[in-house]
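Residue-level listing of the chains:
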Amino acid sequence: MTTQFFGGTAALTGRSLRHITRSPDTIITTTIMPIAFLLLFVYVFGGAIDAGSDSYVNYLLPGILLITIASGIS
C-alpha cells in the first residue's frame, strides 16, 4: 500500500513539475509577479504608507508570500 502511495505521489509530482516548466504563464505568475509586487509596494508606495515603529517590509512580505502560495495552489 505504501509503495503505491509513494509511487503515485512521485508520478503526480513529476507531471506537475513538467507542466510548470512548459507553461510560461505559470512561471511568470510564480516568480516574476511576487518580485514585481515587492518592488512596487516597497519603492513606489513604501514612503507613502505609515507602518508605525516597525518596518513596512515586515508587514508587506507575509502578504506577498500568501499571494504567491495562493496563486501556486490555484
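First, a word on what this report is: a plain description of the structure on this page.

About the cut-offs
Residues numbered from 1 in each chain as written. Predicted model: local features only at pLDDT ≥ 70, side-chain atom pairs only at ≥ 80, totals over all residues. Heavy atoms only, no water. Helix = DSSP H or I, 4+ residues; strand = E, 2+ residues; numbered from the N terminus. Rg over C-alpha atoms; globule rule 2.2 N^0.38 Å. Buried < 20%, exposed > 50% of the residue type's maximum accessible area, 1.4 Å probe, protein only. Axes fitted to C-alpha atoms, helices over the stretch in contact; angles between N-to-C directions. Parallel < 35°, antiparallel > 145°, perpendicular 65-115°, else oblique. Left-handed = near helix turned anticlockwise from the far one by under 90°. Contact = heavy atoms within 4.5 Å. Nonpolar A, V, L, I, M, F, W, Y, C, P; charged D, E, K, R; others polar. Phe/Tyr/Trp six-rings, centres within 6.5 Å; stacked < 30°, edge-to-face > 60°.

Overview of the overall build of the protein chain
Helix and strand counts for the protein chain come out as three helices and zero strands. Its helices and strands taken in sequence order, the protein chain reads α-α-α from the N to the C terminus. The C-alpha atoms of the protein chain give 18 Å as radius of gyration, which overshoots the globular expectation for 74 residues (11 Å, by more than 25%). Each principal axis of the C-alpha atoms in the protein chain carries an extent, and together these give about 55 × 30 × 15 Å. The buried share among the 74 residues of the protein chain stands at 9%.

Focus: the packing of helix 2 (residues 24–44) against helix 3 (residues 56–73)
One can describe the packing of helix 2 onto helix 3 by two numbers: an axis separation of 10 Å at closest approach and a directional angle of 155 degrees. The orientation of helix 2 relative to helix 3 falls into the category roughly antiparallel. As helix 2 packs across helix 3, the resulting crossing turns out to be right-handed. Mapping the contact onto sequence places Thr29, Thr30, Pro34, Phe37, Leu38, Phe41 and Val42 in helix 2 and Tyr56, Val57, Leu60, Leu61, Ile64, Ile67, Thr68, Ser71 and Gly72 in helix 3. The residue inventory of the contact of helix 2 with helix 3, partitioned by class, reads eleven nonpolar, five polar and no charged.

Quick notes on the packing of aromatic side chains
Working definition: an aromatic ring pair is given by the centre-to-centre distance plus the angle between the planes. A full pass over the atoms with the stated rule returns two aromatic pairs. Relative to phenylalanine 6, the ring of phenylalanine 5 has its centre 5.3 Å away and its plane inclined at 70 degrees; by these criteria the two rings are edge-to-face. For the residue pair phenylalanine 5 and phenylalanine 6, the accessibility class agrees, reading exposed in each case. When the centroid spacing of 6.4 Å and the interplanar angle of 45 degrees are considered together, the rings of phenylalanine 37 and phenylalanine 41 count as tilted. Separated by four residues within a single helix, phenylalanine 37 and phenylalanine 41 lie in helix 2, roughly one turn from each other. The exposure class of phenylalanine 37 is partly exposed, given its relative accessible area of 27%.

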